[in-house]
Amino acid sequence: MGESILEVKGLKVYYYTREGVVRAVDNVDFFMEKGETVGLVGESGSGKSTLGFSILKLIPPPGKIVDGKIIFDGIDLTELDEKEMREIRGKRISMVFQDPMTSLNPLMKIGDHLVETIMTHEEVTREEAEERALALLRDVGIMPDRFHDYPHQFSGGMRQRVMIALALALNPDIVIADEPTSALDVIVQFQILDLMERLKKQYNVGMIFISHDISVVAEISDKIALMYAGQIVEYANAIPFFEEHLHPYAELLLQSVPNIELSDQKLKYIPGLPPDLLHPPSGCRFHPRCPYAESICKEKDPPLLEINTGHFVKCFRYK
Amino acid sequence: MTSLRIYVVRRILLAIPTILILLTIVFVVMRVAGDPVSAILGGHAPAEQIERIKEQLGLNKPLYVQYLEYLWQLFHGDLGRSMIWGRRPVLVEILEHFPATLELSISAFIVSIFIGIITGVHSARNYNKPTDHMLRLYGIVTYALFIPWIGLILQLIFGVYLGWLPTSGRIDTLMEPKHITGLYVLDSILTLNIPSLISAIRHLILPSITLGIYLSGIYTRLTRSNMLEILRKDFITAAKARGLPEDTIIYKHALKNAFIPILTMMGLQFALLLAGAVLTETTFSWPGMGTFLAERIFYRDYTTVQGTIVFFALLVVSVSLIIDILYAYIDPRIRY
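Residues numbered from 1 in each chain as written. Chains lettered and ligands numbered in written order. Predicted model: local features only at pLDDT ≥ 70, side-chain atom pairs only at ≥ 80, totals over all residues. Heavy atoms only, no water.

> Quick question: what am I supposed to make of the packing of helix α1 (residues 3-32) of chain B against helix α13 (residues 302-330) of chain B here?
A pair of packed helices is characterised by two quantities: the angle between their axes and the separation of those axes. All names here are of chain B. At a minimum axis distance of 10 Å, the contact between α1 and α13 shows a crossing angle of 160 degrees. When the axes of α1 and α13 are compared, the pair comes out roughly antiparallel. Where α1 crosses over α13, the handedness of that crossing is right-handed. Looking at the contact of α1 with α13 residue by residue, the class counts come to 20 nonpolar, 3 polar and 3 charged. (Axes fitted to C-alpha atoms, helices over the stretch in contact; angles between N-to-C directions. Helix = DSSP H or I, 4+ residues; strand = E, 2+ residues; numbered from the N terminus. Parallel < 35°, antiparallel > 145°, perpendicular 65-115°, else oblique. Left-handed = near helix turned anticlockwise from the far one by under 90°. Nonpolar A, V, L, I, M, F, W, Y, C, P; charged D, E, K, R; others polar.)

As structure tokens, this is what we get:
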């Protein structure tokens, strides 16, 4: 496959709260290639959003990157200062947020958001920036006459289109999409997914698509990274992941997705609760809920191993 | 018509009942507050003289006629005549003293906003660090200070010990610029009178800082808390994720959003500004409305006091009207 654009090595992101240290991302390794889409799936609180934000070094306090490297296009982002990070943010790695209703400045015209972003990173005149902003809005399906409208005059779906245009404004290498469709209703969700898929090809960008909804991720991803309790437990190409998933958590998770074609089906769920990351379980973090757990799972943390080519899993059942 | 224009017209129409209620309250309070006739004549005047004065002042007519006449006069811009010193029109007297107060208020207002916003933003940027704690203390302490005390301290340091600045009056004797607006700084600029300008500014510094410091604390605290709230919003994170420079995010995105409550406070503070100006004026022998009003209350000059209160009330209403229009200008969501 193509060349690697992003490599995360041994990343640890902890939140230092009053109650103690929350290990939101704990020893995560993963990589992505240019132009590919990685779906980052996991339950709420599994650390997937924290992982997304840490790539841009935008973890809200009291969160901190404690250890590890984030190598983007040969540069270790953890070594960069704020000023150097600003050159990366928006221009080379950009972000689409979960809630489009609150992600735009309510006092700023839609078009000015785009113009400001373009002019921050590139030496262009206002006229040139406006022209590019109009082209971007056209690409995401917004009429040019809405350039001077304010965010409150837009619906949620339309605002998310604006956020996508903003993320693509400088033709970045990677777009991190943090639950971009979760706050939208189902019909709009599919329109936005379609749009993202089309633009991903048109702009040739890589994407990290974060979602708790495995069916949404399945639509769009080339690769799947499954997160559980701050760790990646399985990482594979999308088709092998859905057909020959290895980790017990993946198995239970996929079984719990309801199938519309089978009637009379009882909803399946995974027994137990996601662990409290203040006091994570010993050994493998999934062992209290795992039907295959053995004594070793309680004692030791399994390594993430490549079982088949490009198919990684973190479980003692595979050696 | 644009939505902004409709909003402005609607807001102006809404100010009319507010003004009517205000004028009625002033009328009622002035009738309750005491007897102007005995204030003029003293307690033991003969009955026919009392009747004559009552007739002169229109106090012998039924109350509703007095009320309507009072409104009718105000409607024509007539605030009545003073009861003492040659019965000069109240409006003329007010207009003589008001420019001094306006000049002091404007510059104190600018000083307070400037100090308040800078300290507030700085405090929020350094959230929970020593700078933040110091500035929060500043915000509380200044609010508890007494204006004449701040004034005396400043007079002592900069006027007496250092001798840098004058401690009383508006301008050096015989330096008054040609009267255009009555604001000495503005008039000096308009007539290109540099020595007057310097003298006027030097006299203005201590009183404006006194009043400015007193009023700034509330802006410090308000700016800080609003900035902290806004800086937590998603659109700020989104702006950071687009790589915008920190100053752009703080001043263009955050401060503008945090500004609406600050603007509200400016409107509310306006009444306090006028009250504070009264105290500052007496401390610095500033010949404005405060000194004037205090003097006329002392002499029981009812018509002048009533006229001055009406004048202040109308001023406060107009300022809040202007503030409301500014909201709509800043925040497009308010127009709808």
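> Is there a simple way to explain empty space enclosed by the protein in this structure?
In this approach the atoms are scanned with a rolling probe the size of a water molecule, which exposes any empty space left behind. All names here are of chain A. In total, this model carries 4 cavities of 30 Å³ or more according to the counting rule given. Looking at the largest cavity, its volume works out to about 70 Å³. For the lining of the largest cavity, the secondary-structure elements that each account for two or more residues are α5 (156-168) and α6 (186-203). Quantified by volume, the second largest cavity comes out at close to 60 Å³. Considering the residues around the second largest cavity, the lining is formed by His-247, Pro-248, Cys-284, Phe-286, His-287, Cys-290, Ala-293, Cys-297, Pro-302, Cys-315 and Phe-316. Its residues placed into classes, the lining of the second largest cavity shows 9 nonpolar, 2 polar and no charged. (1 Å grid on protein atoms, 1.4 Å probe; cavity = no way out; pocket = protein on both sides within 12 Å on 5 of 7 lines; lining within 4 Å. Points joined across faces, edges and corners; volume = space filled by probe spheres on them.)

> Whenever I open this one, the packing of aromatic side chains confuses me. Can you help?
Ring pairs (aromatic) are described by centroid distance and by the angle formed between their planes. Residue and element names in this part refer to chain A. Taken as a whole and judged by the stated rule, the model has 16 aromatic pairs over all chains. What links up through ring pairs into an aromatic cluster is the set Phe-30, Phe-31, Tyr-235 and Phe-312. One cation-aromatic arrangement involves Arg-23 over Tyr-14; the distance from NZ or CZ to the ring centre is 5.2 Å. Positioned over the ring face of Phe-154 is Arg-146, at 4.2 Å from the centre of the ring. (Phe/Tyr/Trp six-rings, centres within 6.5 Å; stacked < 30°, edge-to-face > 60°. Lys NZ or Arg CZ within 6 Å of the ring centre and 35° of its normal.)

> Is there a simple way to explain the pattern of salt bridges in this structure?
Pairing is possible between side chains that carry opposite charge, provided their charged atoms lie close to one another. A complete count under the given rule lists 26 salt bridges over all chains for this structure. A salt bridge links Glu-130 of chain A to Arg-126 of chain A, with the shortest nitrogen-to-oxygen separation between them at 2.8 Å. One end of the pair, Glu-130 of chain A, and the other, Arg-126 of chain A, are both in helix α4 (residues 126-139), 4 residues apart, so they sit about a helical turn from each other. The partly exposed category is assigned to Arg-126 of chain A, whose relative accessible area is 36%. Between Glu-295 of chain B and Arg-296 of chain B there is a salt bridge, with its nearest N and O atoms 3.5 Å apart. According to the relative accessible area criterion, Glu-295 of chain B is partly exposed, its value standing at 34%. Ionic contacts of the salt-bridge type, sharing partners, join the residues Arg-88, Glu-93, Glu-96, Glu-295, Arg-296 and Asp-301 of chain B into one network. (Salt bridge = Lys/Arg side-chain N within 4 Å of Asp/Glu carboxyl O. Buried < 20%, exposed > 50% of the residue type's maximum accessible area, 1.4 Å probe, protein only.)

> Quick question: what am I supposed to make of the sheet that holds strand β2 (residues 20-33) of chain A here?
Residue and element names in this part refer to chain A. Read across the open sheet, the 4 strands follow the order β2-β1-β4-β5; overall the sheet is antiparallel. With partners counted over all chains shown, the strands left at the sheet margins are β2 and β5 (75-76), one partner each. The sheet contact formed by strand β1 (residues 4-17) and strand β4 (residues 63-72) spans 8 bridges and is antiparallel. By the bridge assignment for β4, Val-8 is matched with Ile-70. Most of the contacts of helix α1 (residues 48-55) go to β1, to which it runs at about 115 degrees, and overall it touches β1, β2 and β4. (Pairing = 2+ DSSP bridges. Contact = heavy atoms within 4.5 Å.)

That's the geometry; what it means functionally is another story.
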